[in-house]
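# Geometric and topological summary
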Amino acid sequence: MSIPILIFATSKTRMKKFILIILTLLYAVVSSGITVNVHYCMGRMADVEWGSASACTMCGQKKTSDCCKDEAHYTLMFEGDNNVEDMVEASDGSVWLAVTNYGIYCRKDGKVSRYLCEKASVLGRCCLAFDSEGHLFMGSASEGLFVFDNSSDAFSPVAGTGHLNVSVLCPLSDGRVMLGTDGEGAMVYRFGERSPQPCDYFHAQVDLEHAKISSILEDRDGNIWLGLFQKGVFMQPHQDSGFSYVGYKSGRYDIIGSACVMSVYAGKDCTLWVGTDNDGLYALDMKSYAVSHYSSDTGGLPATITSIVEDKDGKLWLGSYLGGAGWLDRQTGQFNRLPFTCRGMAVHVFRLLADAEDNLWIATLGDGLKKYNLKTHELGFRCFQAGVLFLQLGQD
């Protein structure tokens, strides 16, 4: 009785091994992908096959005839609950996919490669884009922006972007790539640069610097369209209006804060002087927008600058609401006040003008119009007893 039992046990063991081998092969095929051939006859789909038959099932001719063609479709399978978040095709025919929890996949010439495996679980949602020169970029929700290096066959992080939540990438016609972020607005990056630059976009009602951008489109006229979370659609015209913005709502030129601008003056050396309410004086280079701030904390400068003018010798004169008038030493930041008051109090100055005869005209509130000679340093007469809010010198 022992011999039949031994034979049965041996057959059962072999059956288990056979089933295990079949399941292993099936898993390998499904997990690595499936290729099917779709056959077209006279422009219409005729059949779908795992393999490739020699004759067409519709017309009966060989599949090499003029009316027939085959297309191979490859299906990549993943385990568990995973999403293909984005996919792009390169100029060489390779297809790149961003897959949740799996990283980045590339299928080229029938071979599948996987990238960023070690970061797959922490990248979060990813997006892909090629620029006009064929460089591949990958944006992630938690690790910022990456660029693919063909020489090392690996993705490298772009400096200064590790904190960004990149939600969308859009290649632009000028060779750059625009990044849409979740809470950091829009940025642009060109391959080879050190880090992305904020977009100088401005809207009076929307804080674009901290906007959540869900989609980006560049139309055929070069206009940029941004889809904003709970804020609608913003369009940045390709053609410049001639105006630019400097202030706290600008992603690039947030350099003078949010204080009220009381006066503006363009100097002879291409310096733009900006007088503010309670935040002193700013000097901006109109080409590079480099900034210097003259604060009321040092040099005795008044906090509110109401008027700015430069005399023919290049000396900068300032009028203030509570500090009278005087000139600024640009090197030290020292404010040199003119010695005059109104009934023992500082004069409120609303307007300054320098004429061709070395006179500085001072329009005040409550103390009329004054004239100060820049050569003799004599303070002249009052033309009016009432306040002078506006002053303009004639051409003659």
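Let me sum up the structure you'll find in this document. The structure displayed is predicted, hence computed values, not measured ones.

## A short note on the overall build of the protein
Of regular secondary structure, the protein possesses 1 helix and 31 strands. In the protein, which comprises 396 residues, the share counted as buried stands at 38%. Long-range pairs, those at least 24 residues apart, make up 38% of the contacts in the protein between residues at least 6 apart in sequence. In the form shown here, the protein has an accessible surface area of approximately 23,100 Å², with 54% of it arising from carbon and sulfur atoms.

## Points about the sheet that holds strand S6 (residues 103-108)
Strand order in the open sheet formed by 4 strands is S4-S5-S6-S7, and the pairing between neighbours is antiparallel. Looking at which strands have only one partner, the edges of the open sheet turn out to be strand S4 (84-89) and strand S7 (111-115). Adjacent strand axes in the sheet meet at a mean angle of 20°, parallel and antiparallel pairs treated alike. Relative to S6, strand S5 (residues 95-99) runs antiparallel, the two sharing 5 bridges. Note that in S6 the partner of Trp96 across the bridge is Cys106.

## Comments concerning the side chain of Thr181
With respect to the element layout, Thr181 can be found in strand S13 (residues 177-181). Judged by relative accessible area, which is 0%, Thr181 ranks as buried. A distance of 2.9 Å separates the side chain of Thr181 from the backbone nitrogen of Glu184, its partner in a polar contact. Excluding residues within four positions of it along the chain, Thr181 makes contact with Leu164, Asn165, Val166, Ser167, Ala211, Lys212 and Ile213.

## Re the sheet that holds strand S15 (residues 197-198)
Spatially, 4 strands are ordered S12-S13-S14-S15 in an open sheet, and the strand pairing comes out antiparallel. Looking at which strands have only one partner, the edges of the open sheet turn out to be strand S12 (166-171) and S15. Pairing analysis gives 2 bridges linking strand S14 (residues 186-189) to S15, with the strands arranged antiparallel. By the bridge assignment for S15, Met187 is matched with Pro198.

## Quick look at the packing of aromatic side chains
Taken as a whole and assessed by the stated rule, the structure comprises 11 aromatic pairs. Here the aromatic rings of Tyr102 and Tyr105 are separated by 6.2 Å at their centres, their planes lie at 35°, and the arrangement is tilted. Owing to a relative accessible area of 17%, Tyr102 belongs among the buried residues under this scheme. What makes Tyr105 buried here is its relative accessible area of 10%. Ring geometry for Tyr115 against Phe148: centres 5.3 Å apart, planes inclined by 80°, an arrangement best described as edge-to-face. With Tyr115 in strand S7 and Phe148 in strand S10 (residues 144-149), the pair connects residues that are 33 residues apart, well separated along the chain.

Cut-offs applied
Residues numbered from 1 in each chain as written. Predicted model: local features only at pLDDT ≥ 70, side-chain atom pairs only at ≥ 80, totals over all residues. Heavy atoms only, no water. Helix = DSSP H or I, 4+ residues; strand = E, 2+ residues; numbered from the N terminus. Buried < 20%, exposed > 50% of the residue type's maximum accessible area, 1.4 Å probe, protein only. Contact = heavy atoms within 4.5 Å. Areas by Shrake-Rupley, 256 points an atom, 1.4 Å probe, with all protein chains shown as cover. Pairing = 2+ DSSP bridges. Axes fitted to C-alpha atoms, helices over the stretch in contact; angles between N-to-C directions. Polar contact = N/O pair within 3.5 Å; in protein donor to acceptor, adjacent residues only side chain to side chain. Phe/Tyr/Trp six-rings, centres within 6.5 Å; stacked < 30°, edge-to-face > 60°.

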